[in-house]
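If you want the building blocks of each chain, they are given just below.
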Amino acid sequence: MSVTQKNLFDRVLDYANRANPYPIYEEMRKQPVVRQDDGRYVVSTFNEVRAALLDPRFSVDPRKGDRKLNRPLVDGQEPAFVRLDPPKHDWLRRQVMSKFTPELVSGLSPRIEEIVLDLLNGRRNESQLDIVEDFAYPLPVTIICEILGVPRADEPRFHEWTERLIKGFDVGQRHNEELRIQANQASEQLNSYMSDLITRIQQQPRDGLLSAIIHGKQLEERISKDDLVRTAVLLLIAGHETTVNLITNSMLTLLRFPEHLERLRQEPESVPNLVEEVLRYEPPVQYVLRNTLTDVTLADVKIPRGSPVALMLASANRDPARYPDPNRFDPARKNIEHLSFGNGIHYCVGAPLARLEAQIALVALARRITHPRLLSDPPPYRASSLLRGPRHLPVSVERVLPIV
Ligand code: HEM
C-alpha cells in the first residue's frame, strides 16, 4: 500500500477536495479498513461501514478514544445524546421520540408547503436566486424553530454560533487552537441561550416539543435541565444544518442532469425515490466517528481498543459491490437503502422530517422555476468535510412562476 493510499482520509479533510471527494473514496475502498499514520482507522466499504454502525463495540463517545485524535469538542462537558452510548443515550432518545412522533412530522406537510410558497413568492421578480440563502436554509430553520418552540427571530444569533461550532467540529481543524476556542465559546453561548429559553418555558408553557417535554406528564423520570439544554441544541442544529445540504445538493445534482429535473416536473410523484438517490449520491453527512471499546477485527484488520475510527458513509454509498454503476445518478434506482442517516441505535431521529421537507421543496422548485441554469459549477463549498454542501448555489432563472 502506498503512503498516499494510507492517508487518504487527510485528503478528504483537505478543502481543495471538497467539491469532489468521490475519487478519493474510490481509492479508499481498495482497502476496506485502513490504519492511517496518525492512528485513526478508516472504514470505507458498504458492508464494513454498516457492520460497524450496528456493532456496540464501536462507541460514539469522544471521551472514550484517543484524546489527541478525537478530543471532545467542549471541554469538561458531557456531550449530547448523539455522542452518548447506552444506557443514557437510549433514555434521552426515548424522551425525544415520545414527542417527536410520525404523526407530528406528517402533520407538518401543509406548513412546509406554506413556507415554500412564501419563499418562492418572495423571489417572483428575480432573475437570479441563491438556492441556499433564498430557500434551502430558511425552510428547515423555520420548521425546526416551530417544532421546538424556539423564536424564529433569534435565528441570526444562533446562526453565527452554529457556524462557529461546526467549523470547530471538523476533524481537519483539530490542531487549530483558535477555531477550537471559538467553537467552545460558541457552544457556551448556544447553551446559555437555550438555558434561558428553557427557563422561560418552565415558567410559561407554550407550543412546541420543548414545552411538551418539560410539562409532559408521562415522562419516566424528569429530564435534568442540563440534559434538556444539550438535547435542544442538538435538535436545533441537526434539524437544519443537514437538511440545507440535502435540498441544495439535490438542486445542484438536478441542474447538472436537467433531464431528471424535467422528469420531476412532469412526474412529481417520483420525488421520494429521487430524494433517496440524492441522499446516496451526495450525502449531507459524509462520515461519522467512533472509538473502539475493545479490540475489534473488521475485514481481517485488527483495530486495537481505544482507536478512533471514521466510518465513511459517502464512500459506502458508492461501493460497486453494493450498487451497480455507483457513480451514476439514477433516480429510478431500486433498493437504494443508503447509509446517509446512519444505522442502528443512532439512526437519525429527523430522517422522516428531512425527507418530507426535501420532497416538498424539490417539487415546488421543479414546477415553479423556469429555465434554471447553474451560475458556477462547482459552486463554493462550506468549510466542513463532515457536513458537506455548497455555501451558495447561484442560479439564473427565466421566471419564478406564480402559484401553479
Ligand atoms: C438530510 C438531513 C439529515 C441527515 C443526512 C442526517 C444524518 C444523520 C446521521 C448520519 C446520524 C447518525 C450519527 C451517528 O451515527 O453518529 C444522525 C443522527 C441524528 N440526527 Fe440526523 N440527519 C438529518 C436531519 C436531521 C433532522 C431534521 C433532525 C432533527 C429534527 C436530526 C436529528 C438527529 C439526531 C437527534 C440524531 C442523533 C440520534 C441518536 O444518536 O440516537 N437529523 N443524523
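Residues numbered from 1 in each chain as written. Predicted model: local features only at pLDDT ≥ 70, side-chain atom pairs only at ≥ 80, totals over all residues. Heavy atoms only, no water.

What's the story with the overall build of the protein in this structure? I'm lost.
Across its full length, the protein holds 18 helices and 12 strands. Rg of the C-alpha trace for the protein: 21 Å, near the compact-globule value of 22 Å for 404 residues, within the 12% margin. For the C-alpha atoms alone, the extent of the protein along its principal axes is close to 60 × 55 × 40 Å. Expressed as a percentage of its 404 residues, the buried residues of the protein come to 57%. Excluding contacts between residues fewer than 6 apart, the proportion of contacts in the protein whose partners are at least 24 apart in sequence is 73%. Of the roughly 17400 Å² of accessible surface on the protein, 51% is carried by carbon and sulfur atoms. For the protein, the separation between the mean place of its 54 positive charges and that of its 54 negative charges on side chains is 2 Å. (Helix = DSSP H or I, 4+ residues; strand = E, 2+ residues; numbered from the N terminus. Rg over C-alpha atoms; globule rule 2.2 N^0.38 Å. Buried < 20%, exposed > 50% of the residue type's maximum accessible area, 1.4 Å probe, protein only. Contact = heavy atoms within 4.5 Å. Areas by Shrake-Rupley, 256 points an atom, 1.4 Å probe, with all protein chains shown as cover. Lys, Arg positive; Asp, Glu negative; His and termini not counted. Charge placed at Lys NZ, Arg CZ, Asp CG, Glu CD.)

Would you explain the coordination of the iron atom of the ligand in this entry?
Tetrahedral metal sites with four donors have an ideal angle of 109.5 degrees; octahedral sites with six donors have ideal angles of 90 or 180 degrees. Within the protein, a single donor atom binds the iron atom of the ligand, namely C348 (SG) at 2.3 Å. Inspection of the secondary structure puts C348 in the loop between α17 (313-316) and α18 (351-368). (Donors = N, O, S within 2.8 Å, 3.2 Å for Na, K, Ca; no water.)

Explain the sheet that holds strand β5 (residues 288-292) here, please?
In any sheet, the strands associate via hydrogen bonds between backbone groups, in a parallel or an antiparallel arrangement. Across the sheet, five strands lie side by side as β1-β2-β8-β5-β3; this open sheet has mixed pairing. Lying at the two open borders of the sheet, with one neighbouring strand each, are β1 (33-35) and β3 (58-59). Packed on one face of the sheet, helix α4 (residues 46-54) meets β1, β2 (41-43), β3, β5 and β8 (308-311) and runs near 125° to β8. (Pairing = 2+ DSSP bridges. Axes fitted to C-alpha atoms, helices over the stretch in contact; angles between N-to-C directions.)

Teacher, can you tell me more about empty space enclosed by the protein here?
Empty space among the atoms becomes visible once a probe the size of a water molecule is rolled across them. Summed over the entire model, instances satisfying the criterion amount to five cavities of 30 Å³ or more. When its volume is computed, the second largest cavity comes out at roughly 100 Å³. Along the walls of the second largest cavity sit T162, E163, I166, K167, E241, R382, A383, S384 and R391, which together make up its complete lining. By residue number, the principal contributor to the lining of the second largest cavity is helix α10 (residues 155-169), which donates four residues. Across the lining of the second largest cavity, the residue classes break down as two nonpolar, two polar and five charged. (1 Å grid on protein atoms, 1.4 Å probe; cavity = no way out; pocket = protein on both sides within 12 Å on 5 of 7 lines; lining within 4 Å. Points joined across faces, edges and corners; volume = space filled by probe spheres on them. Nonpolar A, V, L, I, M, F, W, Y, C, P; charged D, E, K, R; others polar.)

Where do I start with the layout of surface pockets in this structure?
Counted as a void, the largest pocket has a volume near 200 Å³. Around the largest pocket, the lining is made up of 10 residues, and of these E113, V116, A364, R367 and R368 lie nearest the centre. Residue assignment for the lining of the largest pocket shows that the elements contributing at least two residues are α7 (109-121) and α18. When residues in the lining of the largest pocket are grouped by element, the largest group, five residues, is from α18.

I keep staring at the side chain of T243 and nothing clicks. Help me out?
Following the sequence through the fold, T243 ends up in helix α14 (residues 243-256). Given the relative accessible area of 4%, T243 is considered buried. In this view, T243 contacts P140, A354 and E357; residues no more than four positions away in its chain are not counted.

I'm lost on the site of the ligand in this one. Help?
With respect to spatial proximity, 30 residues lie near the ligand, and among them H89, R93, R290, H346 and C348 are the closest. Separating an oxygen atom of the ligand from a side-chain N or O atom of R93 is a distance of 2.6 Å. At 2.7 Å, a side-chain N or O of R290 approaches an oxygen atom of the ligand. Those elements that provide at least two residues to the shell around the ligand are α5 (88-97), α13 (225-241), α14, β5 and α18. Of the residues forming the shell around the ligand, the biggest block, four residues, is contributed by α13. Taken together, the residues of the shell around the ligand sort by class into 19 nonpolar, eight polar and three charged. (Near = heavy atom within 4 Å. Polar contact = N/O pair within 3.5 Å; in protein donor to acceptor, adjacent residues only side chain to side chain.)

Help me out: how do you make sense of the pairing of β8 in this one?
Taking every second residue as pointing to the same face, both faces of β8 are buried, with P308 and A310 on one and V309 and L311 on the other. Of the pairings in the sheet, the one linking β5 to β8 comprises four bridges and is antiparallel in character. The residue of β8 that forms the bridge with V288 is L311.

Teacher, can you tell me more about α14 here?
Along an α-helix, a turn takes 3.6 residues, which lines up residues three or four apart on a common side. Taking 1.5 Å per residue as the helical rise, α14 with its 14 residues ought to reach 20 Å, and the 20 Å between its terminal C-alpha atoms agrees with that figure. In terms of burial, α14 is largely enclosed, as 13 of its 14 residues are buried. (Expected span 1.5 Å × (residues − 1).)

Looking at this structure, how should I read the packing of aromatic side chains?
By convention here, two paired aromatic rings are described through the distance between centres and the angle between planes. Under the criterion given, the structure shown has eight aromatic pairs. On the numbers, 5.3 Å between centres and 75° between planes, the contact of F9 with Y287 is edge-to-face. In this pair, F9 is assigned in helix α2 (residues 8-13) and Y287 in the loop between α16 (271-281) and β5, connecting sequence segments 278 residues apart. Across the pair, Y287 and F9 agree in class, each one buried. Seen in terms of ring centroids, W161 and Y193 are 6.0 Å apart; in terms of plane orientation they differ by 55°. Their pairing is tilted. (Phe/Tyr/Trp six-rings, centres within 6.5 Å; stacked < 30°, edge-to-face > 60°.)

What should I look at first to understand the pairing of β5 in this one?
Residues in a regular strand point their side chains to alternate faces of the sheet. Among the five residues of β5, five are classified as buried, and the element is accordingly described as predominantly covered. Residues V288, R290 and T292 line one face of β5 and the alternating positions L289 and N291 line the opposite face, and both faces are buried. Bridging between β3 and β5 involves two bridges; their strand directions are antiparallel. Across the sheet, S59 pairs through a bridge with N291, a residue of β5.

Looking at this structure, I do not really get the pattern of salt bridges. What am I missing?
For the structure on display, the rule yields 27 salt bridges. Each of E78, K88, D227 and R230 takes part in a single network of salt bridges with overlapping partners. (Salt bridge = Lys/Arg side-chain N within 4 Å of Asp/Glu carboxyl O.)

Mind showing me how you'd approach the side chain of R93 here?
Checked against the element boundaries, R93 lands in helix α5. As a buried residue without a salt bridge, R93 has its nearest oppositely charged side chain in D90, at a separation of 7.3 Å. Every residue in contact with R93, bar those within four places of it in the chain, is listed here: F81, I345, H346, Y347 and V349.

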